[in-house]
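# Working through the structure, step by step
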Amino acid sequence: MTSVAGWAAASTPGAFPALPRAVAQSFYRRMRAVAPAAVGAIERDRGADPEQVFSDTACGRLVGSLDDAGLRALGMWTHHWCMRFYDDDTRVGRRLVREIAARAGLGWTADEVRWMLRESFSVGPAAADRFTLPRAAAAQLPPADRPPEAHWPEVEVPRQRRGRHAGG
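Basis of the calculations
Residues numbered from 1 in each chain as written. Predicted model: local features only at pLDDT ≥ 70, side-chain atom pairs only at ≥ 80, totals over all residues. Heavy atoms only, no water. Helix = DSSP H or I, 4+ residues; strand = E, 2+ residues; numbered from the N terminus. Contact = heavy atoms within 4.5 Å. Areas by Shrake-Rupley, 256 points an atom, 1.4 Å probe, with all protein chains shown as cover. Buried < 20%, exposed > 50% of the residue type's maximum accessible area, 1.4 Å probe, protein only. pLDDT = per-residue confidence, 0-100. Phe/Tyr/Trp six-rings, centres within 6.5 Å; stacked < 30°, edge-to-face > 60°.

### So, the overall build of the protein chain
A count of helical and extended segments in the protein chain gives 7 helices and 0 strands. Listed N to C, the secondary structure of the protein chain is α-α-α-α-α-α-α in terms of helices and strands. For the protein chain, the proportion of contacts with a sequence separation of at least 24, taken over those separated by at least 6, is 72%. A total accessible area of about 8,100 Å² is found for the protein chain, and carbon and sulfur atoms account for 53% of it.

Structure (structure tokens):
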């Protein structure tokens, strides 16, 4: 199991500028707001059929109940959780990350993308899906705000669907 140290990952030197502490703390505050519902949904879906249509899962119902800001917070929390506790038990969380990554127009900010990228680089190659959400979120930023992709490993990004919460 691989672990990332949360705030340390957000503030360590690297390819991305350090985030101001207040910005990173606001991310953690928003993620804590969705965490209880996310944990519950993930726990309920662990024993479910992995082939079940996403919108019929507990995670799918949670996604369907959130606005774009809530989906961004859920995506960031799930990404953070998967990076901290990446092992075979993150199957449901990784599916949730892929589903959120496939949603266009969530309004990601450059700071949110940089935060996820710092976590992704900090965890190392053990977590194969570590760039799925940051890459999809970065693609939604205006070109001038996108982080340079020079050192990103190639990953398959879920094809983004059109429309608010399409396919959810």
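### As for helix H3 (residues 58-65)
Turning to H3, its buried residues are Ala-58, Cys-59, Gly-60, Leu-62 and Val-63. Where H3 is buried, its residues touch helix H2 (21-46), helix H4 (68-84) and helix H5 (91-101).

### Regarding the confidence of the model for the protein chain
If pLDDT is low for a region, its predicted coordinates should not be looked at in detail. Here the protein chain averages 81 in pLDDT, and 73% of its residues register 70 or above. Across the protein chain, the element-wise mean pLDDT spans from 46 in helix H1 (residues 7-11) up to 97 in H3. The low-confidence segment residues 163-168, where pLDDT is below 50, has 17 contacts with residues more than four positions distant or belonging to other chains.

### A closer look at the packing of aromatic side chains
Following the criterion strictly, the structure yields 3 aromatic pairs and no others. Where Phe-27 meets Trp-115, the ring centres are 6.1 Å apart and the plane angle is 70°; that geometry is what we call edge-to-face. In this pair, Phe-27 is assigned in helix H2 and Trp-115 in helix H6 (residues 110-123), connecting sequence segments 88 residues apart. The same class applies to Phe-27 as to Trp-115, namely buried. Between Tyr-28 and Trp-115, the ring centres sit 5.7 Å apart and the planes meet at 80°, which makes this aromatic pair edge-to-face. In this pair, Tyr-28 sits in helix H2 while Trp-115 sits in helix H6, placing the two residues 87 residues apart along the sequence. Assigned by exposure class, Tyr-28 and Trp-115 land together as buried.

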